[in-house]
Structure formats: structure tokens, C-alpha cells
Amino acid sequence: MQVCGIIAEFNPFHKGHDRLLTAVREQLPEARLVCVMSGPFTQRGEPAILDKWARAEAAVAAGINVVFELHSAWATASLQSFSFGAVKTLAATGLVTHLAFGSESGDLPELNRMAALLQRPTATFQQALKTALAKGAPFAVAQQGALEMACGARGLQDRPNDRLAISYLRFAPTDWTALAVQRDTCHDGALSARAIRQALQQNRLPANYLTTESASQLKKATTNGWLWPHLADFYTALQLRLINLPVAEISRITGCSEGMAVRLRRAARTAESFDAWLNTALDRHLFETTLSRAALQLLLPVSTPAQVPYLRVLAADAEGRRCLRAIQQAASIPVVTNTGRDGKKLTSKAQAALQADVARQEAARLLQTAPAYRRPMRDYYEPPRMR
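It should be emphasised that the depicted structure is a prediction, and the values quoted were computed from it without experimental measurement.

What counts as what
Residues numbered from 1 in each chain as written. Predicted model: local features only at pLDDT ≥ 70, side-chain atom pairs only at ≥ 80, totals over all residues. Heavy atoms only, no water. Helix = DSSP H or I, 4+ residues; strand = E, 2+ residues; numbered from the N terminus. Rg over C-alpha atoms; globule rule 2.2 N^0.38 Å. Buried < 20%, exposed > 50% of the residue type's maximum accessible area, 1.4 Å probe, protein only. Contact = heavy atoms within 4.5 Å. Areas by Shrake-Rupley, 256 points an atom, 1.4 Å probe, with all protein chains shown as cover. Lys, Arg positive; Asp, Glu negative; His and termini not counted. Charge placed at Lys NZ, Arg CZ, Asp CG, Glu CD. Axes fitted to C-alpha atoms, helices over the stretch in contact; angles between N-to-C directions. Parallel < 35°, antiparallel > 145°, perpendicular 65-115°, else oblique. Left-handed = near helix turned anticlockwise from the far one by under 90°. Nonpolar A, V, L, I, M, F, W, Y, C, P; charged D, E, K, R; others polar. Core = buried A, V, L, I, M, F, W, Y, C linked by side-chain atoms within 4.5 Å. Expected span 1.5 Å × (residues − 1).

Draft legend 1. Broad picture of the overall build of the chain. Each helix and strand in the chain was counted, giving 20 helices and eight strands. At 21 Å, the chain has a C-alpha radius of gyration in line with the 21 Å of a compact globule built from 387 residues. Summarising its shape, the C-alpha atoms of the chain cover approximately 55 × 55 × 45 Å along the three principal directions. By residue count, 55% of the 387 residues in the chain fall in the buried class. The contacts in the chain between residues at least 6 apart in sequence include a share of 75% that link residues at least 24 apart. Taken as a whole, the chain presents about 17,300 Å² of accessible surface, with 50% of it coming from carbon and sulfur. A gap of 4 Å separates the mean positions of the 45 positive and 32 negative side-chain charges of the chain.

Draft legend 2. Broad picture of the packing of helix 4 (residues 79–91) against helix 8 (residues 160–171). It is at 9 Å that the axes of helix 4 and helix 8 come closest, and there the two elements cross at 50°. One finds that helix 4 runs oblique with respect to helix 8. In terms of crossing hand, the pair formed by helix 4 and helix 8 is right-handed. Residue-level inspection shows Leu79, Gln80, Phe82, Ser83, Phe84, Val87 and Lys88 of helix 4 in contact with helix 8, the latter providing Arg163, Leu164, Ser167, Tyr168, Arg170 and Phe171. Broken down by class, the residue content of the contact of helix 4 with helix 8 amounts to seven nonpolar, three polar and three charged.

Draft legend 3. Region of interest: helix 12 (residues 247–254). Along helix 12, the positions that sit buried rather than exposed are Val247, Ile250, Ser251 and Ile253. In this structure, the buried residues of helix 12 make contact with helix 11 (235–244), helix 13 (258–270) and helix 15 (288–299). Among the residues trailing helix 12, Gly255 stands out with phi positive, at a value near 80°.

Draft legend 4. Structural view of the packing of helix 5 (residues 108–119) against helix 8. Running from amino to carboxyl end, helix 5 crosses helix 8 at an angle of 60°, the nearest separation of the two axes being 8 Å. One element, helix 5, and the other, helix 8, form an angle in the oblique class. As helix 5 packs across helix 8, the resulting crossing turns out to be right-handed. Between helix 5 and helix 8, the contacting residues are Leu108, Leu111, Asn112, Met114, Ala115, Leu118 and Gln119 on the first element and Asp162, Ala165, Ile166, Leu169 and Arg170 on the second.

Draft legend 5. Here's a closer look at unusual backbone geometry. The omega torsion across Asn11 and Pro12 is 0°, close enough to zero to call that bond cis. Mapping Pro12 onto the fold places it in the loop between strand 1 (3–8) and helix 1 (15–27). Of note in the backbone geometry, Asn203 takes a positive phi value of approximately 65° without being a glycine. Mapped onto the secondary structure, Asn203 falls in the loop between helix 9 (193–201) and helix 10 (212–223). Its identity as a non-glycine residue notwithstanding, Met377 has a phi of 55°, on the positive side. Along the chain, Met377 turns up in the loop between helix 19 (371–374) and helix 20 (378–381). Judged by relative accessible area, Met377 falls into the partly exposed class, the value being 30%.

Draft legend 6. Spotlight on the nonpolar core. Counting residues in hydrophobic clusters, the biggest one holds 51 residues, and the most contacted among them are Ile7, Phe68, Leu90, Leu99, Phe101, Leu311 and Ile327. Excluding anything up to four places from it in sequence, Leu90 contacts Gly5, Ile6, Ile7, Val34, Val36, Val96, Leu99 and Trp176. Counting residues in hydrophobic clusters, the runner-up holds 31 residues, among them Phe234, Tyr235, Leu264 and Trp277.

Draft legend 7. Representation of helix 7 (residues 139–151). A rise of 1.5 Å per residue sets the reference length of helix 7, with its 13 residues, at 18 Å; its end C-alpha atoms lie 18 Å apart and thus fit the reference within 8%. Taken residue by residue, helix 7 has Ala142, Gln143, Gln144, Ala146, Leu147 and Glu148 as its buried positions. Considering only its buried residues, helix 7 is in contact with helix 5, helix 6 (123–134) and helix 8. Immediately downstream of helix 7, the backbone of Gly152 shows phi near 70°, a positive value.

Structure follows, in C-alpha cells:
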């Protein structure tokens, strides 16, 4: 049986995602499509535009057979940790044979060369990285420059999907077959998830760029009182944390230097808004997303599991349910379809990881006011969306 893994946030699901699935179906018509998807918060450190169940349901409506939730520690981590956790989650199913992803270049040999270089750095790469870091470049920028120098590539900073692909390939098992689906640059620029989120936050629904299911869900959400969430809504709580925590504790929780921890706390004392805090705390060594992830970790600290603790189902179709039965036999870890029932069967470490996921979901619901979305402990009462 062919099983193709896909890593995504679907924030929200749009026609660019739909084209990726169409391309995979054309190349692997008999394959089951298994996705690992971020939950209530995303890799940028921001709350997702819709809840995880709605986004997973839109993915299944478009052709994904099963959607698993990526543990929140990896979902809101750096590119490397995000990729590691997502790939390892797919591998834990015991059935994945292929890995598909979007790519600006579509050049799989080049992407594989770069991934291999990250796994086995050459002296040229290491020296280029060391030189760039010594000049004060952020690590991600320094690494991109070193890759370009060592491989003779250009423009990685403008190819976010290629950067993700390189990281996926770095951690993918050697017996998987990779599918690099080249993005249609004539169309996809208007379809970026970030541009769609910005339009939604301006009370515009760009329905032409969304699948029918996704557009319907967004309309339904607004009708039912869903509020477009933003990390800025937690700013007062973040200020309290930063002002009251010792510098050493801020450094430990976020992983930043003590000098940067001082900068974060000083900014919280004077900035009147989250955006002002970002602008005050930013320097040339940091990206805005790095600060957003640090803010989220300060608000809701989550420890990174040593290994994938469980496979948590968010949605599936009829073929996906058959695939799930095979995964339950092949997987090296438990499959969770009912949080209350299955959670009791987990090891103590896996239960702690599950509670961290639940805590992040509880925080996300506090950004809503409508009763349907603010209901406590939705993880225990909301079943996977089965089509």
C-alpha cells in the first residue's frame, strides 16, 4: 500500500493546497494521503485563523484521507524542530512510503543535495556558516547563505517552500520517495495563506482563492461569532509574565540569551501594545516570528517530547478510517481518537504531552467570545471530523 505523507498548517486551506493534492493524486492515484497538521497555534507563534477541527475537515473534503495533529511543541518551534517533529510523526504511523511538498524550484536533486549537506556539513559549509554568524547574521540567514555558497544556489531567502522542503528531506527516512510539486508562480502568489489571513482580518473574504469547503467554513465561523485571533490579544498577560519573571527564567523558557531576555523585559515595561513590544525588542539578530514564538512559550510553556508520544486524529474520510485501522496495527505509538478514553492508556510522559496540547487549545478558546467556540475542554468533547 502506498501512503503519502503531507505536512501542513492549512491556515486556512486554499486553492494552492488543492493544487498540491491534485498533483500528488496524478502521480500516485492509488495512494492514501496522510497529513500531519498544526493545532491551535502555528509555526509563526500565532493562533491559527480557524480551529484545528475545521481546518482538518476542509483538508479531508479536498482529498486528504487522515489528518493527525502535530504536537504543539513542534508546531510552534523553529523550522528545524517543526520539520523534525512533523516528519517523525508521519514516520510513527509505520505506513508512510512517500513525502510530498510544494516547492518554488521543483528541483528535487538540488533540494536533496542541500538536505544532505545539513546532515553531513562540509568544511566549506561550516566555514561559511561560522563567518556569517561572526558578522552577526541570524542563524537562519547564516545557514541559508552557507547552503547557497556550498551548493552554488541562489535566492533561498525568497523560496520559503524550498527551505521547508530541505528541512523535511533532512529528517526523512531514506526509504521514502519524495515528490517535489512545483508551485504555479503565475497563480500562487495571490493565494498565500498569509495574504488570505490579512484579508480576513480586514473583514474581506477572498473566496476566489479558497476551496468551496474552506470558504463555507470561514463564512459559517463569522456567522457564528468566530473572532479572528491574534497573539496581541494576550499582550497584558505577556507583560505580567515578562515584568515578574527573573531574567534567568525568561532565558530558560525561551532559549534566548540573558542579554536578549533583558531586552524583552525592558520592552514589556514601556510598550503599550504587542506590536510596539515587537518593534522595541527586535534587533538585527532576530526575526519577528522568533519573538512571537518566544512570547507564546512564555505564556504557555511546553516541553518538547523526546519522541512522538501518540498519533492524535483530527479528521478522516471512509478510506482514511480503513487506513487508520492499518496504522493502529503498524504504528509504534498509540492512536488517539478519544482524548478522555485513549488518554488514560498513555504512559505518564505521553499523558503530560497530551495535557500540554490541551492547555494550548484551552488558551486559544479564550480568544473567542461566542459560546460555541469558548466551550471549555473542547479536546475532550469534540470528536474527530469523520466524513
